[in-house]
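# Reading the structure
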Amino acid sequence: MSPELFRAQLARLTAQIANRPLEPQLQDWLNTQHGSESETFRELQASCRAGVADGWLCAREAGGIRYGRIFKPDAELNDFSVDVVDMQDIAGPHHVHPEGEIDLVMPIDGGALFDGHPAGWVVYPPGSAHRPTVSKGRALVLYLLPQGAIRFTG
């Protein structure tokens, strides 16, 4: 696995969600079409695990959270930025999603939850805010941010 192949996987996915409103229907669609039992999920999870193991994902660490923005928003990714975090039983910094946020939750420990959600997709609408929290174990979380927009409040 390489960053270039990972980018191609994400470009195929973002092409399917470009220009769709970030609302509960998108979360439902993602979990139906690309949920935790899908080939898409397995491929992205394998890519993220390989990227972490190879050191090109989650290359930074602060406050017990490994993280990193692997891709800035651009046309190939339909103006989404891509970040991946590695968290274990911890809450991250509070932030606002000016344009919304799409998260892929990939537990490393089978029962790990992200903001109370198991493996799969979580969609936050524009203007929403949270303190991202992984509980009951360790998980990788992939973040897609429209235009890369995020505002930390702490």
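Scroll up for the structure.
About the cut-offs
Residues numbered from 1 in each chain as written. Predicted model: local features only at pLDDT ≥ 70, side-chain atom pairs only at ≥ 80, totals over all residues. Heavy atoms only, no water. Axes fitted to C-alpha atoms, helices over the stretch in contact; angles between N-to-C directions. Helix = DSSP H or I, 4+ residues; strand = E, 2+ residues; numbered from the N terminus. Parallel < 35°, antiparallel > 145°, perpendicular 65-115°, else oblique. Left-handed = near helix turned anticlockwise from the far one by under 90°. Contact = heavy atoms within 4.5 Å. Nonpolar A, V, L, I, M, F, W, Y, C, P; charged D, E, K, R; others polar. Core = buried A, V, L, I, M, F, W, Y, C linked by side-chain atoms within 4.5 Å. Buried < 20%, exposed > 50% of the residue type's maximum accessible area, 1.4 Å probe, protein only. Salt bridge = Lys/Arg side-chain N within 4 Å of Asp/Glu carboxyl O.

### Some thoughts on the packing of helix H1 (residues 3–17) against helix H3 (residues 39–54)
Put simply, H1 and H3 touch, their axes get as near as 10 Å, and they point 150 degrees apart. Taken together, H1 and H3 sit at an angle that is classed as roughly antiparallel. Here H1 runs over H3; the crossing is left-handed. Contacts from Phe6, Gln9, Leu10, Arg12 and Leu13 of H1 reach H3 at Glu43, Leu44, Ser47 and Cys48. Taken together, the residues that form the contact of H1 with H3 break down as 5 nonpolar, 2 polar and 2 charged.

### Thoughts on the nonpolar core
The biggest cluster of nonpolar side chains holds 28 residues, and the ones touching the most others in it are Phe6, Ile102, Leu142 and Leu144. For this core, the secondary structure elements donating two or more residues are H1, helix H2 (24–34), H3, strand S3 (80–91), strand S5 (101–107), strand S7 (120–124) and strand S9 (133–146). Broken down by element, this core gets its largest block of residues, 5 residues, from H1. By size, the runner-up hydrophobic cluster in this structure holds 13 residues, among which are Val85, Ile90, Ala112 and Ala139.

### Focus on the pattern of salt bridges
Taken as a whole and judged by the stated rule, the model has 6 salt bridges. Salt-bridge contacts for Asp86 lead to Arg66; the nearest nitrogen and oxygen are separated by 3.9 Å. Of this pair, Asp86 sits in strand S3 while Arg66 sits in strand S2 (residues 65–71), and the two are 20 residues apart along the sequence. For Asp83, the salt bridge is made with Arg69, and the minimal N-O distance between the two is 3.1 Å. In this pair, Asp83 sits in strand S3 while Arg69 sits in strand S2, placing the two residues 14 residues apart along the sequence. Relative accessible area serves as the criterion here: at 14%, Asp83 is assigned to the buried category.

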